[in-house]
Amino acid sequence: MTKPEHLLEVHDLDAAGKAYASPLEIAWVTRALDGCDVTPTGPGRVEVRFSRSGDDVVVRGRITQPLTAPCARCLGPATIDVDTELSLLLVPAASQKAAYARGRSGPPDDPRREETSPADADLDVYEGDHVALDGFVREAILLEVPPFPLCSASCPGIGAPPEAPVTTAGDIDPRLQPLLALSARLKKDGKD
Ligand SMILES: [Zn+2]
């Protein structure tokens, strides 16, 4: 992705935290979802609260984004109204926790090892004075796109392909005509 547009200033962040809210412009969404089979139908919105917890930065909020994708049955437009939560736990990139997160595990018997459970926020890293939300917003939106989008639950689909037309001699390559004539003659001879 190009230069991030959704930056959280975490330099002087404290436990009380701050708020960040911004529209997700169509141009940004189009760029962010480039290569995915979805199209924004209007601007979305990201709204978060972020605060410091020790060295970590906690981000919680909501993302909305109207999209359309080709229906898996009829290829017509299927509406996807993304409305999802964003929940991040960002640890300093230089920290030991970050090293574990990157390796996905520390020594199993290490008491400092972070136990992860589905209830945990996603563990990611930040570096410097800013957290770029762009990649996280993109990921959160894509997670909400169903693998088989449908324009409606009762979409009948394109339907069975029409039956193959009955082949008549007229459709046959004229170069084959002598062979057909021979075949017909042989069949006729066989009957005699
Ligand atoms: Zn459909």
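The coordinates are above.
Summary of the structure given here.

## Examining the overall build of the protein chain
- In terms of regular secondary structure, the protein chain is built from 4 helices and 8 strands.
- When the elements of the protein chain are put in sequence order from the N terminus, they spell out β-β-α-β-β-β-β-α-β-β-α-α.
- Within the protein chain, buried positions represent 18% of all 192 residues.
- When contacts within the protein chain are restricted to residue pairs at least 6 apart in sequence, those whose partners lie at least 24 apart make up 68%.

## Brief notes about the environment of valine 58
- Locating valine 58 in the fold gives a position in strand β5 (residues 56–70).
- The exposure class of valine 58 is partly exposed, given the 19 C-beta atoms found within 10 Å.
- Once the C-alpha coordinates of valine 58 and leucine 123 are considered, the two residues, 65 residues apart in sequence, prove to be 9.7 Å apart.
- Contacts of valine 58, omitting those with residues within four sequence positions, involve Phe50, Ser51, Ser53 and Leu89.

## Overview of the nonpolar core
- Residues Val59, Ile63, Leu86, Leu90 and Val137 are the most contacted members of the largest nonpolar core, which totals 26 residues.
- Of all elements in the fold, only α1 (26–32), β4 (44–53), β5, β6 (77–92) and α3 (134–143) reach the threshold of two or more residues within this core.
- At 5 residues, β6 tops the list of elements feeding residues into this core.
- Excluding its chain neighbours within four sequence positions, the residues that come into contact with isoleucine 63 are Gly44, Val46, Val82, Thr84, Leu86, Val137, Ala140 and Ile141.

## Things to note about the pairing of β4
- Of the pairings in the sheet, the one linking strand β2 (residues 18–24) to β4 comprises 7 bridges and is antiparallel in character. Of the residues in β4, the one forming a bridge with proline 23 is arginine 45.
- Bridge analysis of β4 against β5 gives 9 bridges, and the strand direction is antiparallel. Note that in β5 the partner of glutamate 47 across the bridge is arginine 62.

## Topic: unusual backbone geometry
- Even without a glycine there, the phi angle at leucine 75 is positive, about 70°.
- With respect to the helices and strands, leucine 75 occurs in the loop between β5 and β6.
- Accessibility expressed as a C-beta count within 10 Å gives 11 for leucine 75, which makes it exposed.

## Remarks on the environment of arginine 31
- With respect to the secondary-structure elements, arginine 31 resides in helix α1.
- A residue is classified by how many C-beta atoms lie within 10 Å of it, and arginine 31, with 14 of them, is partly exposed.
- Put simply, arginine 31 and threonine 2 are 29 residues apart on the chain and 8.4 Å apart in space, counted from C-alpha to C-alpha.

Reading the values: rules and limits
Residues numbered from 1 in each chain as written. Predicted model: local features only at pLDDT ≥ 70, side-chain atom pairs only at ≥ 80, totals over all residues. Helix = DSSP H or I, 4+ residues; strand = E, 2+ residues; numbered from the N terminus. Buried ≥ 20, exposed ≤ 12 C-beta atoms within 10 Å, placed from the backbone. Contact = placed C-beta atoms within 7 Å. Core = buried A, V, L, I, M, F, W, Y, C linked by C-beta atoms within 7 Å. Pairing = 2+ DSSP bridges.

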